[in-house]
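# Working through the structure, step by step
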Amino acid sequence: ERYQKLLAVLQMVEREKTRHASAAQGLQERLTRAQEEISSLQTSITERSSHYQQLHNQLLDKATQATSLEKE
C-alpha cells in the first residue's frame, strides 16, 4: 500500500515536471519571438533616425543657401 502511494505521488510529480517543462518551453519561444521583434524595431528606429538626420541636414543646407541668397 505504501509503495502504491509513493508510486502515485511519483507519477504526479513526473506529470507536473512535464507540465512545467512544457510551460517553460512555451515561455522560451515567446521570449525568443519578443527579442526578435525588439531587434527588428530597434533596426527600424535606427533607420528612421538616420533618415530624419539626413532630412535635418538637408534643411540646414537649404537654410544656409537661403541665407546666402538673401545676403547677395
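Residues numbered from 1 in each chain as written. Predicted model: local features only at pLDDT ≥ 70, side-chain atom pairs only at ≥ 80, totals over all residues. Heavy atoms only, no water.

## What about the overall build of the chain?
Here is the rule: Comment: elements are numbered from the N terminus, with helices defined as DSSP H or I runs of at least four residues and strands as E runs of at least two. As a reference, a globule follows 2.2 Å times the number of residues to the power 0.38, and the radius of gyration itself is taken over C-alpha atoms. Type-normalised accessible area, obtained with a 1.4 Å probe on protein chains alone, sets the label of each residue: buried when under 20%, exposed when over 50%, and partly exposed for intermediate values. The Shrake-Rupley method, run with a 1.4 Å probe, gives the accessible areas here. Residue values count only the displayed protein chains as cover.
Within the chain, the secondary structure is distributed over 1 helix and 0 strands. Taken over C-alpha atoms, the radius of gyration comes to 31 Å for the chain, far larger than the 11 Å a tight globule of 72 residues would show. Along the longest, intermediate and shortest principal axes, the C-alpha atoms of the chain span 105 × 10 × 5 Å. Burial status across the chain gives 0% buried among its 72 residues. Looking at the chain as shown, the accessible area adds up to about 7000 Å², and 56% of this sits on carbon and sulfur atoms.

## Examining the UniProt feature "coiled-coil region" (unreviewed entry) in the chain
What counts here: UniProt positions are given in the numbering used here, feature names are shortened, and annotations may be inferred rather than shown by experiment.
Here, UniProt's "coiled-coil region" (unreviewed entry) annotation points to residues 17-44. In this annotation, residues 17-44 is assigned 100% helix and 0% strand; the end-to-end C-alpha distance for the span is 40 Å.

## Topic: the environment of Val 9
Assignment of secondary structure puts Val 9 in helix α1 (residues 2-71). A relative accessible area of 44% means that Val 9 is categorised as partly exposed. Separated by 37 residues in the primary sequence, Val 9 and Thr 46 have C-alpha atoms spaced 55 Å apart.

## Observations regarding the pattern of salt bridges
When the charged atoms of two side chains with opposite charge come close together, those side chains can pair. Where we set the bar: What counts as a salt bridge is simple: a side-chain nitrogen of Lys or Arg found within 4 Å of a carboxyl oxygen of Asp or Glu.
Tallying each qualifying case throughout the model produces 2 salt bridges. Salt-bridge contacts for Lys 5 lead to Glu 1; the nearest nitrogen and oxygen are separated by 3.6 Å. Each member of the pair Lys 5 and Glu 1 is classed as exposed. In this structure, Glu 16 engages Arg 19 in a salt bridge whose closest nitrogen and oxygen atoms are separated by 2.8 Å.

## Details of a nonpolar patch on the surface
For clarity, the threshold we go by: Without a salt bridge and with relative accessible area above 30%, a residue can belong to a patch; like charges are then joined within 9 Å and nonpolar side chains (Val, Leu, Ile, Met, Phe, Trp, Tyr) within 5 Å.
On the surface, Val 9, Met 12 and Val 13 cluster together to form a nonpolar patch covering roughly 260 Å² of accessible area. One can find Val 13 in helix α1.

## Here's the deal with the environment of Val 13
Residue Val 13 is classed as partly exposed on the basis of its relative accessible area of 44%. In sequence terms Val 13 and Ile 38 are 25 residues apart; their C-alpha atoms lie 37 Å from each other.

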